[in-house]
Amino acid sequence: MDWIEQLKNLMGNEIISTKTSDLENCASDYTEDLSFLPNVVAIPKSVEDVSAILSFCNTHEIPVTPRGAGTGLSGGSLPVCGGVSLSMHKFNRILSIDEENFQATVESGVINETFQEAAKEKGLFYPPDPASKGSCFLGGNIAHSSGGPKALKYGTTKDYVLNLEVVLPSGEVIWTGADTLKNSTGYNLTQLIIGSEGTLGVVTKIVFKLLPMPKHDLLLLAKFRSIHDACKIVPQLFIQGIEPSALELMESSAVHYVLDRSDNISFIVEEETKAYLLIEVDGNDMEKLFADCEHINNVLEDANVIEVQFADTAEQKEKLWTIRRSIGEKVKSHSIYKEEDTVVKRAYLPELMIAVKDIGQEYGFETVCYGHAGDGNLHINILKGEMTDEKWTGKHLEEGIRKIFRKCKEFGGTISGEHGIGFVQKKYINEALSPINIDIMKGIKAVFDPKNILNPNKIWR
Ligand code: MLT
Ligand code: ZN
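Fair warning: this is a prediction, and the values are worked out from it, not measured in the lab.

Participant: Report on the coordination of the zinc ion (ligand 2), specifying residues and quantitative values.
Facilitator: Every protein donor of the zinc ion (ligand 2) is listed here as His 372 (NE2), His 379 (NE2) and Glu 418 (OE), and their distances to the metal cover 1.9 to 2.1 Å. Within one chain, the residues donating to the zinc ion (ligand 2) are spaced in sequence as H-x6-H-x38-E. Within this pair, whereas His 372 is found in strand S17 (residues 366-372), its partner Glu 418 is found in the loop between helix H15 (395-410) and helix H16 (429-432), the two being separated by 46 residues in sequence. As far as the burial class goes, His 372 and Glu 418 line up, both buried.

Participant: Describe the domain arrangement of the protein chain, listing the residues and the values that go with them.
Facilitator: Taken as a whole, the protein chain is organised into domain 1 (2-87), domain 2 (94-212), domain 3 (214-328) and domain 4 (335-420). Computed over C-alpha atoms only, the centres of domain 1 and domain 2 are separated by 23 Å. Each partner contributes residues to the interface: domain 1 has 13 residues there, and domain 2 has 16 residues. Here domain 1 and domain 2 share an interface that buries about 1,100 Å² over both sides, 68% of which is from carbon and sulfur atoms. For the pair domain 1 and domain 2, the number of links is zero salt bridges. The interface formed by domain 1 and domain 2 contains one residue pair in polar contact (both at pLDDT 80 or more). For the side of domain 1 that touches domain 2, the leading source of residues is helix H3 (residues 47-60), giving six residues. Here the residues of the side of domain 1 that touches domain 2 sort into seven nonpolar, six polar and no charged.

Participant: Give a description of the site of ligand 1 that names residues and reports values.
Facilitator: Taken together, Leu 73, Ala 131, Arg 324, Gly 328, Glu 339, Tyr 370, His 372, His 379, Glu 418 and His 419 make up the full set of residues near ligand 1. Between an oxygen atom of ligand 1 and a side-chain N or O atom of His 379, the distance comes to 3.0 Å. In this structure, an oxygen atom belonging to ligand 1 sits 2.6 Å away from a side-chain N or O atom of His 419. About the coverage of ligand 1: the protein hides 89% of its 260 Å² of free accessible area.

Participant: Give a description of the sheet that holds strand S8 (residues 161-167) that names residues and reports values.
Facilitator: With respect to topology, five strands assemble into an open sheet ordered S5-S6-S10-S8-S9, the strand pairing being antiparallel. The open sheet has two free edges, formed respectively by strand S5 (94-98) and strand S9 (173-175), since each of these has just one partner strand. Going across the sheet, the axis of each strand differs from the next one's by a mean of 10°, ignoring polarity. As defined by bridge partners, S8 adjoins S9 across three bridges and the pair is classed as antiparallel. Across the sheet, Val 167 pairs through a bridge with Val 173, a residue of S9. Sitting on the sheet, H3 is in contact with S8, S9 and strand S10 (202-209), with an inclination near 50° to S8.

Participant: Can you explain helix H17 (residues 435-448)? Please cite residues and give values.
Facilitator: What sets the pattern is the α-helix's 3.6 residues per turn: residues three or four places apart point alike. Helix length check: H17 (14 residues) gives 20 Å between terminal C-alpha atoms against 20 Å at 1.5 Å per residue, within 8%. Buried residues along H17 sit in contact with helix H7 (189-193) and H16.

What counts and what doesn't
- Residues numbered from 1 in each chain as written.
- Chains lettered and ligands numbered in written order.
- Predicted model: local features only at pLDDT ≥ 70, side-chain atom pairs only at ≥ 80, totals over all residues.
- Heavy atoms only, no water.
- Donors = N, O, S within 2.8 Å, 3.2 Å for Na, K, Ca; no water.
- Helix = DSSP H or I, 4+ residues; strand = E, 2+ residues; numbered from the N terminus.
- Buried < 20%, exposed > 50% of the residue type's maximum accessible area, 1.4 Å probe, protein only.
- Domains from an automatic or database assignment.
- Contact = heavy atoms within 4.5 Å.
- Buried area = accessible area lost by both parts, 1.4 Å probe.
- Salt bridge = Lys/Arg side-chain N within 4 Å of Asp/Glu carboxyl O.
- Polar contact = N/O pair within 3.5 Å; in protein donor to acceptor, adjacent residues only side chain to side chain.
- Nonpolar A, V, L, I, M, F, W, Y, C, P; charged D, E, K, R; others polar.
- Near = heavy atom within 4 Å.
- Areas by Shrake-Rupley, 256 points an atom, 1.4 Å probe, with all protein chains shown as cover.
- Pairing = 2+ DSSP bridges.
- Axes fitted to C-alpha atoms, helices over the stretch in contact; angles between N-to-C directions.
- Expected span 1.5 Å × (residues − 1).

Set out below in structure tokens:
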């Protein structure tokens with residue numbers, strides 16, 4: 001009997017599927033147009049199921065690729081070695097929201113926004129808000145320590161996790177820490193699991209800390225004649241004492257791609273506008289927020305801003321955020337592309353921008369840039385355009401991307417701010433990490449997963 005039959009006999013047909021539709025659903029994620037069929041899809045319903053599946057796969061050395069909503073952009077959930085795609089979508093319960101302690105315990109397949117809304121109903125705030133918050137799972141957010149616009153003021157996923165229930169590749173189940181705001185007891189396994197891209201264990205439950213919900217927010221849209229002008233003002237805003245809750249950059253071409261592919265967004269990109277900054281402030285004191293906006297306006301007017309618009313209504317705010325959040329998806333629907341997730345010290349953003357455009361010219365690719373300017377985290381979408389398949393898939397493009405990443409290093413940064421390394425960035429990891437760092441990480445992997453069954457062929461070559 002082969003391993004698939006054995007696993008089916010062990011777990012039942014409801015949990016182990018070989019249906020073509022299930023295999024195809026789990027073959028790809030949001031990463032480019034990549035696709036790798038698993039041999040089976042496992043759909044566990046309990047931590048005991050996950051434990052039994054991992055224990056079986058460990059014994060038989062079958063690759064297991066954990067899968068959340070598949071919204072990742074570095075190929076973390078692609079079953080590149082076949083085997084089992086472990087789909088966590090049945091782990092969709094919010095187990096408790098503890099209003100007394102400002103904490104919540106959730107399963108890892110809960111959708112980010114569903115959790116945000118549930119917390120909000122109790123007056124509590126869970127800030128991490130990736131662009132895909134309407135569909136991405138909290139477990140996937142743990143895998144990459146996902147951020148989003150509000151990461152600027154509030155931090156990323158890692159700043160909200162107190163404790164994790166994790167199934168190890170052996171099938172053993174552990175809690176990584178304690179449900180406390182402080183913990184100085186041994187190594188910090190919680191933070192080790194966060195960002196480990198599903199290579200060390202499968203997260204089944206998460207204990208989050210929450211904040212009180214800020215009562216108000218205000219949003220400004222600033223227009224610039226060049227992306228360089230927009231980037232240059234970013235560090236100045238902080239130097240002038242402004243603390244935005246979000247500070248996002250959109251190149252005008254990014255906005256064009258959204259508008260071209262959206263039916264009902266009325267928004268005009270004027271000829272002279274080449275870049276936008278979306279600036280949000282939040283808090284409990286409306287008068288202070290209006291004063292902050294005036295302050296921002298003054299700083300922008302001293303710079304090369306064309307115009308600053310105030311989003312007066314909830315609908316206007318929603319429209320601007322919809323444009324911003326759909327850039328990645330709309331660019332992808334327009335062209336074969338690659339997405340880079342560069343991050344630098346934010347004062348180097350203008351230099352990074354210049355370098356990216358120069359490298360694009362040298363190697364013959366168009367770039368669409370946008371992202372979390374306040375964090376120095378610039379998303380660069382590289383469009384295939386007229387480039388030949390040979391150049392696109394070969395050393396030519398790889399060399400151009402390497403040059404961009406070297407610039408990131410030069411500017412105090414690294415090669416991913418929030419999308420992770422996964423499958424598609426692993427060939428570049430040596431641009432960011434020294435051989436010693438990589439060896440330490442491989443050693444950690446070997447302790448957790450000596451048979452290398454869990455999400456193999458990710459992060460490293
Ligand atoms: C974003 O900020 O839009 C997200 O990281 C997703 C993306 O880059 O497509
Ligand atoms: Zn982003």
